Amino acid sequence: MPHFCAPLIERMTEQMNQRPLILVSNDDGVDARGIRALAEGMRLLGDVFVMAPDGPRSGMSSAITTTQPITYRVLSEAEGMTICSCSGTPTDCVKLAVSEVLDRKPDLLVSGVNHGGNEALSVHYSGTIGAAIEGCVLDIPSLGVSLVHYRSEADFSEAVRLAQRVAKDLLRNGLPHGTYLNLNVPNTPHVKGLTICRQADGRWIREFDRVSTPDGLPAFRMTGEYLNYPP
């Protein structure tokens, strides 16, 4: 074997032996139970790099930070798992990880598990989905995962199981350009199967409760109910 071929073969062998690199983010913050469960689940499929906001960023959609510098710090490092927090939005987290921090492009991006569903019009507001959209923009197969449960004692295990199932397929087959997936998991101990559905059509109504500030000024707390349009 010519000696000049050896470095090329070594590089090819190293690439073949690399575990998939999975970028994990969310909008509930790096300390949320959902992302910790998801990261551990993805660890079974590849090397996991978590870059998530340092606190809750729900409703951020695809917002980016333009008025101040973004920072990040490494919270923990272990074999197959690195966890970082970022001062920015979910979209900032994805941009920063891919552009400046990671030494190679992730094979998969998974965002979640969001504590609450992301269906219908809420998809456009969700920071969880914002992170998945940014992964899609960067041509990374991307999946947003949400559990339709809003109480603090939520069990994320079924959502993680289904996320693993979908992630395995994405690592094997990828996604068409310009496509990302949004997985919503009902709050039930065992989901019988997966189905592809259309996004519901409707809007939020009665979106605010009127309240007052301590000095008597009018203020508004976001609330509302969702109204489905007729089919």
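These notes cover the structure that comes with them.

Cut-offs applied
- Residues numbered from 1 in each chain as written.
- Predicted model: local features only at pLDDT ≥ 70, side-chain atom pairs only at ≥ 80, totals over all residues.
- Heavy atoms only, no water.
- Helix = DSSP H or I, 4+ residues; strand = E, 2+ residues; numbered from the N terminus.
- Buried < 20%, exposed > 50% of the residue type's maximum accessible area, 1.4 Å probe, protein only.
- Contact = heavy atoms within 4.5 Å.
- Areas by Shrake-Rupley, 256 points an atom, 1.4 Å probe, with all protein chains shown as cover.
- Lys, Arg positive; Asp, Glu negative; His and termini not counted.
- Charge placed at Lys NZ, Arg CZ, Asp CG, Glu CD.
- Salt bridge = Lys/Arg side-chain N within 4 Å of Asp/Glu carboxyl O.
- Phe/Tyr/Trp six-rings, centres within 6.5 Å; stacked < 30°, edge-to-face > 60°.
- Core = buried A, V, L, I, M, F, W, Y, C linked by side-chain atoms within 4.5 Å.
- Pairing = 2+ DSSP bridges.
- Polar contact = N/O pair within 3.5 Å; in protein donor to acceptor, adjacent residues only side chain to side chain.
- Axes fitted to C-alpha atoms, helices over the stretch in contact; angles between N-to-C directions.

## Quick notes on the overall build of the protein
A tally of regular secondary structure across the protein gives 6 helices and 11 strands. Viewed in the frame of its principal axes, the protein has a C-alpha envelope of about 80 × 45 × 30 Å. Across the 231 residues of the protein, 41% fall into the buried class. The contacts in the protein between residues at least 6 apart in sequence include a share of 73% that link residues at least 24 apart. If you sum the accessible surface of the protein, you get close to 13500 Å²; carbon and sulfur atoms cover 53% of it. Measuring between centres, the 21 positive side-chain charges of the protein sit 5 Å from its 26 negative side-chain charges.

## Remarks on the pattern of salt bridges
All told, the structure shown has 9 salt bridges when counted by the stated rule. Here Arg 19 and Asp 47 are joined by a salt bridge, their closest N and O atoms 3.0 Å apart. Here the residue Arg 19 occupies a position in the loop between helix H1 (6–17) and strand S1 (21–25), and Asp 47 occupies one in strand S2 (residues 47–53), the gap between them amounting to 28 residues. When its relative accessible area of 36% is taken as the criterion, Arg 19 is described as partly exposed.

## What to know about the packing of aromatic side chains
For the structure shown, the criterion picks out 2 aromatic pairs. With a centroid separation of 5.6 Å and 75° between ring planes, the pair formed by Trp 204 and Tyr 226 is classed as edge-to-face. With Trp 204 in strand S8 (residues 202–205) and Tyr 226 in strand S11 (residues 225–228), this residue pair connects regions lying 22 residues apart in the sequence. Each ring, one from Phe 208 and one from Phe 220, has its centre 6.3 Å from the other, and the planes form 80°; the classification is edge-to-face. One end of the pair, Phe 208, is in strand S9 (residues 208–212); the other, Phe 220, is in strand S10 (residues 218–222), with 12 residues separating them in the sequence. A relative accessible area of 48% places Phe 208 in the partly exposed class.

## Side note on the nonpolar core
If you look at the biggest cluster of nonpolar residues, it comprises 32 residues, and the most contacted ones within it are Val 24, Met 42, Val 50, Val 110, Val 113 and Val 145. When residues of this core are traced back to their parent elements, those giving at least two are S1, helix H2 (33–43), S2, strand S4 (81–86), strand S5 (108–115), strand S6 (142–148), helix H6 (157–173) and strand S7 (181–186). Counting residues per element, this core draws most heavily on H6, which supplies 7 residues.

## Some details on the pairing of S7
Where S6 and S7 come together, 6 bridges link them in parallel fashion. In the strand pairing of S7, Val 145 is matched with Leu 183.

## With respect to the environment of Glu 134
Examined against the element boundaries, Glu 134 turns out to sit in helix H5 (residues 127–137). Considered as a pair, Glu 134 and Leu 109 are 25 residues apart in the sequence and their alpha carbons are 9.5 Å apart. Among all residues touching Glu 134, those that are not within four sequence positions of it are Thr 91, Val 94 and Lys 95. Polar side-chain contacts of Glu 134 include one of 3.1 Å to the side chain of Lys 95.

## Some words on the sheet that holds S2
One open sheet accounts for 7 strands, arranged S3-S4-S2-S1-S5-S6-S7; its pairing is mixed. On the outer flanks of this sheet lie strand S3 (72–78) and S7, each paired with one strand and no other. Across the sheet, the mean angle from the axis of one strand to that of its neighbour is 20°, orientation sign disregarded. Of the strands in this sheet, S1, S2, S3, S4 and S5 touch H2, which is tilted by about 145° from S5.

Read these as geometric descriptors, not functional statements.
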